[in-house]
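# Understanding the architecture of this molecule
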Amino acid sequence: MSRPQPTLSRRDWMKLSAAGVLATSTSGWFNTLAASAAQATASGQKPKSCILLWMNGGPSQSHTFDLKPDSEYRAIPTSVPGIQISEYLPRVAKQMQHCALLRSMSTGEAVHPRARFLMHNGYRMSGGQSFPAIGCVASAELGRPEFELPNFVAIDGGVDGNNAGRFFRSVPAYLGPKHAPLIVTDPSKGIENLKPAVANGAFDDRFDLLESAEKGFEKKYDSAAALAHETAYQQALRLMRSEKAKAFEIERESEIVRHNYGDSQFGRSCLLARRLVEVGVPFVEVTLGGWDDHGGAGKNVKRRSEYLDMAMSALIADLHAKGLLDSTLVVWMGEFGRSPGSGSQHFAKAWTSVLAGGGLKTGQVIGRTDKSGREVADRPITAPDFMATIYAALGINYKKEYTTAGGRPIRIVDKPGKPIAELLA
Amino acid sequence: MKIFTHLAAVTAVGLAIACGVESVVQGAPAANIRQQRKIQRQNAKAAAEAKPTPAPAQPKTAPTTAPVKVAPPIVSGRREPMAIAAEIDRLIDEQLAAAKVPASAMADDGEFIRRAYLDITGRVPSASAVGSFLSTTDPAKRARLIDELLAAPQFGSSLASIWRRVLVPPDANQNKPPNYVAFEAWMADRFNENRPFDQTVRSLLMAEGPVAESPQGIFYIANADAKSFPQADILTRTTSQAFMGVQLQCAQCHDHPFNTQWKQSDFWGMAAFFGRVQNVAAGGKGAAGGASIIEKIQQNGAKKGKPAAKVVANGSIIIPEESFHNVGTVIPAKFPAGPQPSVGDVPQLRPAFAVWLTAPENKYFGPCIANRFWEHFMGRGIVNPVDDFNPDNKPSHPELLAALSREFVQSGFDIKHLVRCICNSCAYQRSSVPVEGNKGENNFFARMEIKVLSPEALADSLEVALEGRAVMPAAAMMRPAAKKGGYPANTPRDHFVNFFNTKEEGAEAGDYSYGIPQALMLMNQVQFNNGAAVVDRLVKTAPPRERVVEQLYLATLSRKPAAEEMKQSLAYILKQRTPRDGYNGLLWTLVNRSEFVLNH
């Protein structure tokens, strides 16, 4: 790491450079710091993106992707011979060549907040240490400093059922606040406050006056906080003026496309996610809440499957049609699965997640549960293994070490984690 | 990271030497040097005349069943704040001189009043308050202002919201957020009444009964699981960070990896004091009856209870499964790095801990609280971060910390006295504008640290500056009716505060954490754009434009515009359709400036 500018504290430096805000100036305020722009991904490869479809509450694998002969639902064949999934996911079944089912997830945390923490951060909740969530890490590792949009967007895809507490809030922890997600609470509305409240000309006059005043303050006080404030305003202004901000307006899609994704908040969220990835956002998380089916999953999952099936299959097909599927990893998962059979209980010992696209070897099943579905019969996948697989698929060095504010070194993925070799091409 | 800090310090010292810096006040304008000397003389005079005043009567702790008796206080009285301020300056100036780091100039009156208002009452002063302070020639006006602000009710309420964030973990109890309003009101009253802080902390730690009657019990509802069952491990983490300034939780799963100070038995030994606490009203499944329901917190709608940890009959705690190491080991209640009190058959363990923690001779409590208040005012702890006292994180000014702590304890844990001592020092009253030789130097208190306004301070400052139309539209000034379960509904101010609550854990006062959505809201929401009560009031009498510009500067930045700023403002206003449009736009630029969101 280059020697910090003496006027920035080490911590501010770390934060600013990690946040990629040091090189975002449109006005030349930050010339002295522009060197970090060189850190932009210059590998020549097509940058990877990720769309995480998070099923908050814990979806039942027995009612989705790991059915047994005695399951409540019937299993149907898919586009890949030998792989069967729920009868209520027929459209996803037709995309199975692009999917890999991980049926041996064995993660050991069966309490909602602890499991959400573990499956977002890769570390168990312990002693109040906070960790950056996967979206924040992707923002830091894949995000481009000169990019006009935030590098991590989290979309509220709706709640349908018992949510068991609020949505998980990804925190960037020691990566710095610029890697916090930009939260979109309603995909139909996109980002709020993007339009000036006064006429454009009047807004420009105001901003010019603001900008000239800011220069004076920054020069006099030599303050990193002032620099960060100015940077946030510059980024906000850039977003207001960016053509790419149109990516947040899903009504620009044709009626046919919107119809394909389905008339649901989750469907609109998936469409928004695709639009964001298309313009270069490296990480989008869409949360669908309500999967904590303590009264039994049978009735509820059938209802949710209708729009889940439409949205998820449309997303995969659409990415494929646009040539984006190889560079975009789609992940479908919750914090854990549910007890085999009725799905009324939390179950972290043997459950299923789905990976699609991302250049992985798809059209296969990894791992296996036994006949009862209660035990992993083959190839258990731990939380660190799973996280290492996601990072490896995204081209992120999962062994990389960060340093916390307290000086503690922490790897992106905890030491025992190893990617699933069978998936990596 | 430590290496970096040291490197930076060494380089800066080298720089200072290379620049031939000799005087610690070089770079400060002469007028400011005179002012600093004047304050120092006043303080020294006060110090000479000072006689110890008797401390307020040490409050009687509620009689408890605690097996440990309250030690006789070693209180000898409280000294003159000016004398302590002079001692603060002596200790800081000594270190500045030794390191040859020059101090910045004294803050001017505008900087001072804005800072004192923000730090003591959590909001900027009104334009009229600034105007009259600037025009007063009373030489003791700064000390007088400090006293006035300490008497304002906002002193307690702003400190209460700060302490609420310390005492309620950000991830606390996701399903049922506790009733912060009642908790903050309880804290605010205690700060405003200036109750001795040891008493407040004992009352908090020993909370009993329905929280509707004893709102301090909300501490236990907040440091709880998703079903409002208090958790001994969370309570231990919060209590050790808040009141001892240590990261005991690093030893939760195993002995501390980096410093050998804390053992796993210290963590769980302290946790055992909380092990029997239960919220007998917590709802939901899993609320099986515990070994004891003696230490219990109640909430409305009580049904079942569950103790805060797995405990055995004598109150010893069983290390739970999540801990990786020594799972199942039974640990008796024990003071951190201290003895194991003989608890005998006493059912209540918390009083023993509370009394131990807040005893005048406790080596953690006094320094931790003195340091936390120092950090609040100075932007940086003498031990920094404030919750990480450990042998590898030494105080930058050990004698100063000892002096502040000693005074705090001997004054009978008098918070307002501690604030007076700090705020009357030259160190507190320095400008944040760096001078050659102290740029990037933040270990010496050579200049004031620039602090970012908290969400609460930003909301309340907008309220003051725009005269009441910003965060809370008039119709919403009243808190909406309570929702089911007795939780107060959110006000527009709460929504604003939540929207701006972006600070990550462990961030420092100077870390800016607001992002794009916050900038967009301040820039583009209508209530920050199309004028405010302050503009309405100002245009009513059709005053000269210069006067409106000046008033808007006073209302937002607590100072008059510089000549160049006046020129630019007038040129801008002239360009707009109407003067009112111009004033609205100018006000917009003022509240969106770094200078507004920073306490400098």
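Residues numbered from 1 in each chain as written. Chains lettered and ligands numbered in written order. Predicted model: local features only at pLDDT ≥ 70, side-chain atom pairs only at ≥ 80, totals over all residues.

### Observations concerning the overall build of chain A
- When its secondary structure is counted, chain A shows 10 helices and 16 strands.
- Split into buried and exposed, the 425 residues of chain A put 57% on the buried side.
- Within chain A, residue pairs in contact and separated by at least 24 positions form 74% of the contacts whose partners lie at least 6 positions apart. (Helix = DSSP H or I, 4+ residues; strand = E, 2+ residues; numbered from the N terminus. Buried ≥ 20, exposed ≤ 12 C-beta atoms within 10 Å, placed from the backbone. Contact = placed C-beta atoms within 7 Å.)

### Some remarks on unusual backbone geometry
- Here the bond from B:Asn384 into B:Pro385 is cis, since omega is 0°, no more than 30 degrees from zero.
- The phi dihedral of A:Asn193 falls on the positive side, at around 65°, and the residue is not glycine.
- Residue class for A:Asn193 comes out partly exposed when judged on the 19 C-beta atoms lying within 10 Å of it.

### Describing the packing of helix α5 (residues 200-221) of chain A against helix α22 (residues 563-575) of chain B
- Running from amino to carboxyl end, α5(A) crosses α22(B) at an angle of 175°, the nearest separation of the two axes being 11 Å. Classified by the interaxial angle, the pair formed by α5(A) and α22(B) is roughly antiparallel. Where α5(A) abuts α22(B), its residues A:Asp205, A:Leu209 and A:Ser212 lie against B:Gln568, B:Tyr572 and B:Lys575.
- Grouping the amino acids of the contact of α5(A) with α22(B) by side-chain chemistry returns two nonpolar, two polar and two charged. (Axes fitted to C-alpha atoms, helices over the stretch in contact; angles between N-to-C directions. Parallel < 35°, antiparallel > 145°, perpendicular 65-115°, else oblique. Nonpolar A, V, L, I, M, F, W, Y, C, P; charged D, E, K, R; others polar.)

### A closer look at the packing of helix α3 (residues 81-99) of chain B against helix α15 (residues 398-410) of chain B
Residue and element names in this part refer to chain B.
- It is at 9 Å that the axes of α3 and α15 come closest, and there the two elements cross at 165°. Between α3 and α15, the interaxial angle falls into the category roughly antiparallel. Crossing handedness for the pair α3 and α15: left-handed. Seen from α3, the contacting residues are Ile84, Glu87, Ile88, Leu91 and Ile92; seen from α15, they are Glu399, Leu400, Ala403 and Glu407.
- Among the residues forming the contact of α3 with α15, the class breakdown is six nonpolar, no polar and three charged. (Left-handed = near helix turned anticlockwise from the far one by under 90°.)

### Some details on the sheet that holds strand β12 (residues 364-366) of chain A
Residue and element names in this part refer to chain A.
- An order of β6-β5-β7-β1-β8-β11-β4-β12 is seen for the eight strands of this open sheet, with the pairing classed as mixed. A strand with exactly one partner marks an edge of an open sheet, and here the two such strands are β6 (182-184) and β12. Adjacent strand axes in the sheet meet at a mean angle of 20°, parallel and antiparallel pairs treated alike.
- Across seven bridges, strand β5 (residues 152-162) lies against strand β7 (residues 283-291) in parallel orientation. Along β7, the bridge assignment pairs Phe152 with Phe283.
- Along the sheet, helix α4 (residues 134-142) contacts β1 (49-56), β5 and β7; its crossing angle with β5, the most-contacted strand, is approximately 165°. (Pairing = 2+ DSSP bridges.)

### What about the environment of A:Gly395?
Residue and element names in this part refer to chain A.
- Positionally, Gly395 belongs in the loop between α10 (383-393) and β15 (401-403).
- The partly exposed category is assigned to Gly395, around which 17 C-beta atoms lie within 10 Å.
- For the pair Gly395 and Ala348, spaced 47 residues apart in sequence, the C-alpha separation works out to 28 Å.

### Some details on the domain arrangement of chain B
Residue and element names in this part refer to chain B.
- Here chain B is described as being made up of domain 1 (2-65 + 78-106 + 360-449), domain 2 (167-358) and domain 3 (454-599).
- Counting from both sides, the interface comprises 25 residues of domain 1 and, opposite them, 24 residues of domain 2.
- Counting residues per element, the ones that place at least two in the side of domain 1 that touches domain 2 are α14 (365-378) and α16 (415-423).
- Per-element tally for the side of domain 1 that touches domain 2: the top contributor is α14, with five residues.
- Residue classes in the side of domain 1 that touches domain 2 are distributed as 13 nonpolar, seven polar and five charged. (Domains from an automatic or database assignment.)

### Here we look at the pairing of strand β11 (residues 351-357) of chain A
Residues and elements named next belong to chain A.
- Counting buried positions over the seven residues of β11 gives seven, a clear majority of the element.
- Judged from the five bridges that link them, strand β4 (residues 99-105) and β11 form a sheet pairing that is antiparallel. When the sheet's bridge partners are listed, Leu102 is paired in β11 with Ser353.
- For strand β8 (residues 328-334) and β11, the ladder comprises four bridges, and the chain directions are antiparallel.

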